[in-house]
Amino acid sequence: MWEQKPEVHLKGLKKFTEMLKVLKVPVYSVLGNHEGYPCDQFDATGANQHQWVIEGALDAWRDWFTPQMKETFRRNGCYSVVVPGTTLKLIALTPFTMMSSNRYLWGNQTDPLGVLKWFEEELHDGEEKGQSVIIFSHLPPNHPPFNPYWSERYLVLVERYTNIIRGLLYGHVHQDYFTILRGRNHQPINIAYTCPSLTTYTYNNPAYRVFEIDGNTYKFLDYVQYSMNIEQSNRERRPLWKQSYRFTEYYNVPSLSVRSHLLLRNEISNNATIREKAFFVKRQEGPRGKDIFNNKEKTRKALCDYDASTLMDAARCMKKEPHLKTVCFTYGFRKLQVCREWKHRILL
């Protein structure tokens, strides 16, 4: 990672953006942790040491960004946009202000660059205007290096505005799984999808996903996933893409509702056949995708992915919690009082 260079990072970002332009539709992207230099590092103190990342991305995405989007993106690396002709708002969150591995945050891990405040204002504005919201970010809040304190506050806002949130989409992990988000009373409030990657990863095939959304309510109806078999493609010297699965058909569920995911989660735990199917596509049908199924520790971690709303929840699920204490804090416009168990260190 120390041999990386800023110009190399931007070259890859711009090249991939040019490839996407053949789709002839607006493309809304979000920065990932590898866009910074070194990896995971981004100046969130306001000194603008990493403004080259922001300006480079804006140059690549200039065809789709309005002046207002550019203004917000320059300020905190995030943006929101209402899809033209709809009441659907997209909110893109930068990963750099939420990563405990970003050393620029060591002096302020509460709300660097005011991202959480901005996020709440966007959600509040969407609720006031009767909009539906889809949130997307690179880093899922239940996976390292997400900052545990940031993830708790983030979940508070997701719970408060879950009535308008239609979907939460993440990447980073290079795997395929969903997470049942639970609120303060442990009641399920929404579903978050951690989606696979086009880039190759250890024993994973490249994959991408197409969601089907109701044009009136903007609720997620279904999704279809496509994957490319690396070994076969290498043998034939051409990319061989195929439909991997359709969610409702593959798992025999009626919809993408919270209830459907709850029932499926129970099936994955209690039915070995369903669990093997889930773990197989978790690695995009990679050559060792079923290894999870045969490894007790990997199975436990995979099952925790479905249940852990935050990094704290993930630590508890894996029972890596050397010390817990209960902390209460007040947060947000509505002055929500939140009490949860917090630990001094996260060891995952």
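Look up a bit, the structure's there.
Residues numbered from 1 in each chain as written. Predicted model: local features only at pLDDT ≥ 70, side-chain atom pairs only at ≥ 80, totals over all residues. Heavy atoms only, no water.

1. With respect to the packing of aromatic side chains
Thinking step 1. Applying the stated rule across the entire model yields 25 aromatic pairs.
Thinking step 2. With a centroid separation of 5.8 Å and an interplanar angle of 65°, the aromatic rings of F146 and W150 are classed as edge-to-face. Residues F146 and W150 agree in their burial class; the two are buried.
Thinking step 3. With centroids separated by 5.2 Å and ring planes inclined at 45°, the aromatic side chains of Y223 and F247 adopt a geometry described as tilted. With Y223 in strand β8 (residues 220-228) and F247 in helix α7 (residues 247-251), this pair connects stretches of sequence that are 24 residues apart.
Thinking step 4. Residue class for Y223 comes out buried when judged on its relative accessible area of 2%.
Thinking step 5. Through a chain of ring-to-ring contacts, three or more aromatic side chains come together here, namely F178, Y193, F211, F220, Y223, Y245, F247, Y250, Y251 and Y306.
Thinking step 6. Across from the ring centre of Y161, 4.2 Å away, lies the NZ or CZ of R160, which sits over that ring.
Thinking step 7. If you follow K277 out to its NZ or CZ, it ends over the ring of Y250, 4.3 Å from the centre. (Phe/Tyr/Trp six-rings, centres within 6.5 Å; stacked < 30°, edge-to-face > 60°. Buried < 20%, exposed > 50% of the residue type's maximum accessible area, 1.4 Å probe, protein only. Helix = DSSP H or I, 4+ residues; strand = E, 2+ residues; numbered from the N terminus. Lys NZ or Arg CZ within 6 Å of the ring centre and 35° of its normal.)

2. So, helix α10 (residues 296-307)
Thinking step 1. The first and last C-alpha atoms of α10 sit 17 Å apart over 12 residues, in line with the 16 Å expected at 1.5 Å per residue.
Thinking step 2. Those residues of α10 hidden inside the fold are in contact with β5 (177-182), α8 (258-270), α9 (272-282) and α11 (311-317). (Expected span 1.5 Å × (residues − 1). Contact = heavy atoms within 4.5 Å.)

3. Describing unusual backbone geometry
Thinking step 1. Cis rather than trans, the peptide bond between P144 and P145 has omega equal to 10°.
Thinking step 2. One can find P145 in the loop between β3 (132-137) and α5 (148-160).
Thinking step 3. One non-glycine residue, H186, adopts positive backbone phi at about 65°.
Thinking step 4. Phi at Y203 takes a positive value of approximately 65°, unusual for a residue other than glycine.

4. Things to note about the sheet that holds strand β7 (residues 207-213)
Thinking step 1. With antiparallel pairing, three strands are arranged side by side in an open sheet as β7-β8-β9. Looking at the sheet topology across the chains shown, the edges are occupied by β7 and β9 (241-246). Going from strand to strand, the sheet's axes swing by 25° on average, the running direction of each strand aside. (Pairing = 2+ DSSP bridges. Axes fitted to C-alpha atoms, helices over the stretch in contact; angles between N-to-C directions.)

5. What to know about the environment of Q187
Thinking step 1. Mapped onto the elements, Q187 comes out in the loop between β5 and β6 (188-194).
Thinking step 2. You can call Q187 exposed: its relative accessible area is 52%.
Thinking step 3. Excluding residues that lie within four positions of it along the chain, Q187 makes contacts with L181 and R182.

6. Notes on the layout of surface pockets
Thinking step 1. Here the second largest pocket defines a volume of roughly 280 Å³.
Thinking step 2. As for the second largest pocket, its lining consists of 16 residues, and the residues nearest its centre are R166, N190, K219, L256 and S257.
Thinking step 3. For the lining of the second largest pocket, the secondary structure elements donating two or more residues are β4 (165-170), β6 and β8.
Thinking step 4. It is β6 that contributes the most residues to the lining of the second largest pocket, four residues altogether.
Thinking step 5. Per-class residue counts for the lining of the second largest pocket are eight nonpolar, six polar and two charged. (1 Å grid on protein atoms, 1.4 Å probe; cavity = no way out; pocket = protein on both sides within 12 Å on 5 of 7 lines; lining within 4 Å. Points joined across faces, edges and corners; volume = space filled by probe spheres on them. Nonpolar A, V, L, I, M, F, W, Y, C, P; charged D, E, K, R; others polar.)

7. Observations regarding the sheet that holds strand β2 (residues 88-93)
Thinking step 1. Reading across from one edge, β1-β2-β3-β4-β6-β5 is the order of the six strands in this open sheet, with mixed pairing throughout. The open sheet has two edge strands with one neighbour each: β1 (79-82) and β5. Each strand axis lies, on average, 20° off the axis of its neighbour in the sheet, ignoring direction.
Thinking step 2. Strand direction decides the pairing type here: β1 and β2, joined by four bridges, are antiparallel. Bridged to Y79 within β2 is A92.
Thinking step 3. Along the sheet, α5 contacts β2, β3, β4, β5 and β6; its crossing angle with β4, the most-contacted strand, is approximately 150°.
Thinking step 4. This element, α8, spans β5 and β6 of the sheet and lies at about 115° to β5.

8. Examining the state of the cysteines
Linking two cysteines covalently via their sulfur atoms produces the bond known as a disulfide.
Thinking step 1. As enumerated under the stated definition, the model contains one disulfide in all.
Thinking step 2. Note on cysteine connectivity: C304 is disulfide-linked to C317, with sulfurs 2.0 Å apart. Where C304 bonds to C317 through sulfur, the torsion about that S-S bond is close to -85°, and the disulfide is left-handed. One end of the pair, C304, is in helix α10; the other, C317, is in helix α11, with 13 residues separating them in the sequence.
Thinking step 3. Accessibility expressed as a relative area gives 4% for C304, which makes it buried. (Disulfide = S-S within 2.5 Å.)

9. Considering the pairing of β6
Thinking step 1. In terms of burial, β6 is largely enclosed, as six of its seven residues are buried.
Thinking step 2. Bridge count between β4 and β6: three bridges; the pairing is parallel. Of the residues in β6, the one forming a bridge with L168 is A192.
Thinking step 3. From the end of β5 to the start of β6, which pair antiparallel, there are five residues, and H186 there has a positive phi angle of about 65°.

These figures come from the coordinates and say nothing about function on their own.
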